[in-house]
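Single-letter residue listing:
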Amino acid sequence: MSEIEETLKRIQSHKGVVGTIVVNAQGIPIRTTLDNSTTLQYTALLRQITILARGTVRDIDPQNDLTFLRMRSKKHEVMVGVDKDFLFVVVQAPSE
Amino acid sequence: MFSDETLETVEVESQWRKSRRQRLESKSSQTLELKLTEAGVQACHISDIGVQTEPAECLVDSFDPELNAQVEYPGLREFLQRVSGMVIKELKQNAKSHAFDGFEVNWVEQNQTVSFLHSLHYPEAQERGLQVTYVCWNSTGSVIASAYGRLEDGDWSTEKAYVCTWNLDRRGLNSQRPDLVIDVPSSVLCLAFHPTQPSLIAGGLYSGEVLVWDTSRSPDPVLARTGMLDLSHREPVYQVRWLPGTKRGDAFRVLSASADGKILVWQVEANGRLGVHSGYALIAQQIPRSTTVGKGRGDTPVGVTALALSFWDSDVFLVGAEGGLVLKCSFSAHTPAMLAGSDADMMLRAPAQFSFSTHSGPIHALDCSPFHRNLFLSAGTDGHAHLRSLLQGPPLLSLHVSDSYLFSVRWSPTRPLVFAVGTGQGLVQIFDLSRGSLTPTATIEQNSSGRPVYCMEFNPKQMELLAAGGADGTVKIWHLSSELTEQRPKETSHLEYLANEVPE
């Protein structure tokens, strides 16, 4: 259990990281460093777009699969690490 | 030579019928025999299920991080081990990357300049020389209401005035004919649209009355009015605002502040009256002061000329008073006000908790920043706009805007560092604090005759529209450039930095 917390803490302490969320297969956030309402919003929206992205990759080549998704916006960059059972979301603010 | 003769007739037999008959044939066809059977069906088991959505708070409450920390998720450790390597590599690369430097995306068409959209006026009011004293957008951002009256009069005026509304999204917008004109018995000094119901407006009059109109009712739009109670205002009401109720389901209440020093909270009652719910009174000796301004008796009321509610803290409100005082007040103050001759049934309270450094002249406008909980602007007759923090007395920044009076100041709803100031020379100056210099970024000339601009308001939904009304009786709608409306990446942190600066 503490190994999980340690890994999450290590990632959270990186430069510019605003928050991290771990989402399980049912779409419920199980670990988060953001507040409740923001976490739920990010979870719901990112799940949808991850499913869409995965569908896109597999439609182009059925042998291929999605491993990582990055969305860059004016204010943040959202990174999603994808797996069969979990999603790992990291929000980073770009350093300028 | 010529003789009569009869010729035989020539006959041509009709071929039509024969040819038709030769082509006639008759045929008949029949579908195969249909097989029909009958069977009866009946469901013998009945089951009932009720489905109900739960209100949104339950969803948030049920997500409890502490609870989830105790549940073991198989495979979570392995997953994190697999993913974290990739994530850390990407995070490090992002922090160092210059790939996106200077890469700017524009989704919306950019406007380079401030452009003029509409000039709205009501000819009857203009003929009588009435001025626009307040403009207000409704909660959907499509209707603008303007209040007509006079700000220069010093004595009692029983001149009738108007409140006009225009719906800018209607196709047949006629800038000379308002969609709705409400006749009002006295000059209207302030207006406020209801924050959620787009048809309710509250207004404060020169005579001290507060009225609530419902623009969807005709012929008489007056929904509620204050009578001449002992407690109602006797002096001009300078600000009205809608306050959310204390509990979740409560209706909004109307807050009115007037020159007689009273700040009253009204609620709309069923019989078309506004009843006093609670009230506050500013008395000279109950104001906490760092310097004593000691003229007049201690129990004289201090008139209120400007009021602002804080977006962040529903208990705090700011009051600008005669004599240039800026006060921080609280809705939950308990000390009773020592009002001379006060009646026993409604206890007025003294709300002032802290007084900031004074302006040298009455304050006409206060506005709290929608982006930072401690910052607010104040502007008065001394021509300076002060950027102040709730935490300290002296202002953080003092901008000399104009040599004449300043009547209105508003923060931009989209850019944390931009605000607009309306001057007595007829100009609207827009300042951008992200630039180093303290000169205005944009100056809008409201009218060429130099008559003062009394009021301004940004549109809450279409945030690049700014409405400004002035002494010439017209309301002009300006479309601001994208530079003034689009947020830049580092603005909130710059604002934070400004707020934490302590002046020398």
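Report on the accompanying structure. The structure presented is a predicted model; accordingly, all values stated were derived computationally and were not measured. (Residues numbered from 1 in each chain as written. Chains lettered and ligands numbered in written order. Predicted model: local features only at pLDDT ≥ 70, side-chain atom pairs only at ≥ 80, totals over all residues. Heavy atoms only, no water.)

Examining the overall build of chain A
Moving on, step 1. Across its full length, chain A holds two helices and five strands.
Moving on, step 2. Along chain A, helices (α) and strands (β) appear in the sequence α-β-β-α-β-β-β when read from the amino end.
Moving on, step 3. Radius of gyration (C-alpha) of chain A: 14 Å, near the 12 Å computed for a compact globule of 96 residues.
Moving on, step 4. Principal-axis analysis of the C-alpha atoms gives chain A an extent of 35 × 35 × 25 Å.
Moving on, step 5. Expressed as a percentage of its 96 residues, the buried residues of chain A come to 40%.
Moving on, step 6. Contacts in chain A between residues at least 24 apart in sequence constitute 35% of all its contacts with a sequence separation of at least 6. (Helix = DSSP H or I, 4+ residues; strand = E, 2+ residues; numbered from the N terminus. Rg over C-alpha atoms; globule rule 2.2 N^0.38 Å. Buried < 20%, exposed > 50% of the residue type's maximum accessible area, 1.4 Å probe, protein only. Contact = heavy atoms within 4.5 Å.)

Observations concerning the overall build of chain B
Moving on, step 1. Each helix and strand in chain B was counted, giving seven helices and 28 strands.
Moving on, step 2. Classification of the 504 residues of chain B by burial places 48% in the buried group.
Moving on, step 3. Accessible surface computed for chain B: about 28200 Å², of which carbon and sulfur atoms make up 51%. (Areas by Shrake-Rupley, 256 points an atom, 1.4 Å probe, with all protein chains shown as cover.)

A closer look at the layout of surface pockets
All names here are of chain B.
Moving on, step 1. Of the pockets and cavities examined, the largest pocket occupies roughly 1300 Å³.
Moving on, step 2. Lining of the largest pocket is provided by 46 residues; of these, Pro195, Arg241, Trp242, Leu309 and Phe311 occupy positions nearest its centre.
Moving on, step 3. With four residues, the single largest contributor to the lining of the largest pocket is strand β10 (residues 237-243).
Moving on, step 4. Taken together, the residues of the lining of the largest pocket sort by class into 26 nonpolar, eleven polar and nine charged. (1 Å grid on protein atoms, 1.4 Å probe; cavity = no way out; pocket = protein on both sides within 12 Å on 5 of 7 lines; lining within 4 Å. Points joined across faces, edges and corners; volume = space filled by probe spheres on them. Nonpolar A, V, L, I, M, F, W, Y, C, P; charged D, E, K, R; others polar.)

Some points on the packing of aromatic side chains
Residues and elements named next belong to chain B.
Moving on, step 1. Taken as a whole, this structure holds twelve aromatic pairs over all chains when the rule is applied.
Moving on, step 2. Ring geometry for Tyr405 against Phe407: centres 6.2 Å apart, planes inclined by 65 degrees, an arrangement best described as edge-to-face.
Moving on, step 3. Classification of Tyr405 as partly exposed rests on a relative accessible area of 46%.
Moving on, step 4. By the ring-pair criterion, three or more aromatic residues cluster together here, those being Tyr280, Phe317 and Phe331. (Phe/Tyr/Trp six-rings, centres within 6.5 Å; stacked < 30°, edge-to-face > 60°.)

As for the sheet that holds strand β1 (residues 115-121) of chain B
Residues and elements named next belong to chain B.
Moving on, step 1. Spatially, the four strands line up as an open sheet ordered β1-β28-β27-β26, and their pairing is antiparallel. Whereas interior strands pair on both sides, the edge strands pair on one side only; in this sheet they are β1 and β26 (453-458). Adjacent strand axes in the sheet meet at a mean angle of 20 degrees, parallel and antiparallel pairs treated alike.
Moving on, step 2. Sheet topology note: the β1/strand β28 (residues 474-479) ladder contains six bridges and is antiparallel. By the bridge assignment for β28, His121 is matched with Thr474. (Pairing = 2+ DSSP bridges. Axes fitted to C-alpha atoms, helices over the stretch in contact; angles between N-to-C directions.)

Topic: the environment of Val181 of chain B
Residue and element names in this part refer to chain B.
Moving on, step 1. Topologically, Val181 is positioned in strand β5 (residues 180-184).
Moving on, step 2. Placed 40 residues apart in sequence, Val181 and Pro221 show a C-alpha to C-alpha distance of 9.9 Å.
Moving on, step 3. Ignoring any residue separated from it by four or fewer positions in sequence, one finds Val181 in contact with Tyr122, Tyr162, Val163 and Cys164.

Some thoughts on the side chain of His372 of chain B
Residues and elements named next belong to chain B.
Moving on, step 1. Residue position: His372 is located in the loop between β18 (363-368) and β19 (375-380).
Moving on, step 2. Judged by relative accessible area, His372 falls into the buried class, the value being 7%.
Moving on, step 3. A polar side-chain atom of His372 sits 3.1 Å from the main-chain amide nitrogen of Asn374.
Moving on, step 4. Non-local contacts of His372, meaning those with residues more than four positions away in its chain, are made with Trp312, Leu495, Glu496 and Ala499. (Polar contact = N/O pair within 3.5 Å; in protein donor to acceptor, adjacent residues only side chain to side chain.)

Side note on the interface of chain A and chain B
Moving on, step 1. The interface of chain A with chain B comprises 36 residues on the first partner and 30 residues on the second.
Moving on, step 2. Taken over both partners, the interface formed by chain A and chain B buries close to 3200 Å², and the fraction arising from carbon and sulfur atoms is 67%.
Moving on, step 3. On inspection of chain A and its partner chain B, the count reaches three salt bridges.
Moving on, step 4. Note that Asp83 of chain A and Arg82 of chain B form a salt bridge whose closest N and O atoms lie 2.7 Å from each other.
Moving on, step 5. Mapped by element, the contributors of at least two residues to the side of chain A that touches chain B are α1 (2-12), β1 (17-23), β2 (29-32), α2 (36-60), β3 (68-72), β4 (77-82) and β5 (87-92) of chain A.
Moving on, step 6. Of all the elements, α1 of chain A adds the most residues to the side of chain A that touches chain B, at six residues.
Moving on, step 7. Split by residue class, the side of chain A that touches chain B holds 15 nonpolar, ten polar and eleven charged. (Buried area = accessible area lost by both parts, 1.4 Å probe. Salt bridge = Lys/Arg side-chain N within 4 Å of Asp/Glu carboxyl O.)

Quick word on the pattern of salt bridges
Moving on, step 1. In total, this model carries twelve salt bridges over all chains according to the counting rule given.
Moving on, step 2. Between Arg54 of chain A and Asp65 of chain A there is a salt bridge, with the nearest N and O atoms lying 2.9 Å from each other. Residue Arg54 of chain A is found in helix α2, and its partner Asp65 of chain A is found in the loop between α2 and β3; the two are separated by eleven residues along the sequence.
Moving on, step 3. Accessibility expressed as a relative area gives 34% for Asp65 of chain A, which makes it partly exposed.
Moving on, step 4. Several salt bridges share partner residues, and in doing so they unite Arg70, Arg72 and Glu77 of chain A together with Glu90 of chain B into one network.

Side note on the side chain of Thr381 of chain B
Moving on, step 1. Along the polypeptide, Thr381 of chain B turns up in the loop between β19 and β20 (384-389).
Moving on, step 2. Sequence-distant contacts of Thr381 of chain B, that is, excluding residues within four places in its chain, are made with Ser360, Gly361, Pro362, His364, Ser404, Tyr405 and Leu406 of chain B.

Examining the pairing of β18 of chain B
Residue and element names in this part refer to chain B.
Moving on, step 1. For β18, the buried fraction is high: five of the six residues fall into the buried class.
Moving on, step 2. The pairing of β18 with β19 spans five bridges and is classified as antiparallel. Bridging from a neighbouring strand, Leu366 pairs with Ser378 of β19.

Considerations on the sheet that holds β4 of chain A
Moving on, step 1. If you walk across this open sheet you meet the five strands as β2-β1-β5-β4-β3 (chain A), and the pairing is antiparallel. Bordering the open sheet on either side are β2 and β3 of chain A, each of which pairs with just one other strand. Between one strand axis and the next, the sheet turns through 15 degrees on average, direction left out of account.
Moving on, step 2. Strands in contact with helix α4 (residues 76-96) of chain B are β1, β2, β3, β4 and β5 of chain A; relative to β5 of chain A, the strand with the most contacts, it is inclined by about 25 degrees.

Some thoughts on the packing of α1 of chain A against α4 of chain B
Moving on, step 1. Running from amino to carboxyl end, α1 of chain A crosses α4 of chain B at an angle of 15 degrees, the nearest separation of the two axes being 10 Å. Between α1 of chain A and α4 of chain B, the angle is such that the two are roughly parallel. The chirality of how α1 of chain A crosses α4 of chain B is left-handed. Between α1 of chain A, through Glu3, Ile4, Thr7, Leu8, Arg10 and Ile11 of chain A, and α4 of chain B, the contact on the second element is made entirely by Leu76, Arg77, Leu80, Gln81, Ser84, Val87, Ile88 and Leu91 of chain B.
Moving on, step 2. Of the residues contributing to the contact of α1 of chain A with α4 of chain B, the split by class is eight nonpolar, three polar and three charged. (Parallel < 35°, antiparallel > 145°, perpendicular 65-115°, else oblique. Left-handed = near helix turned anticlockwise from the far one by under 90°.)

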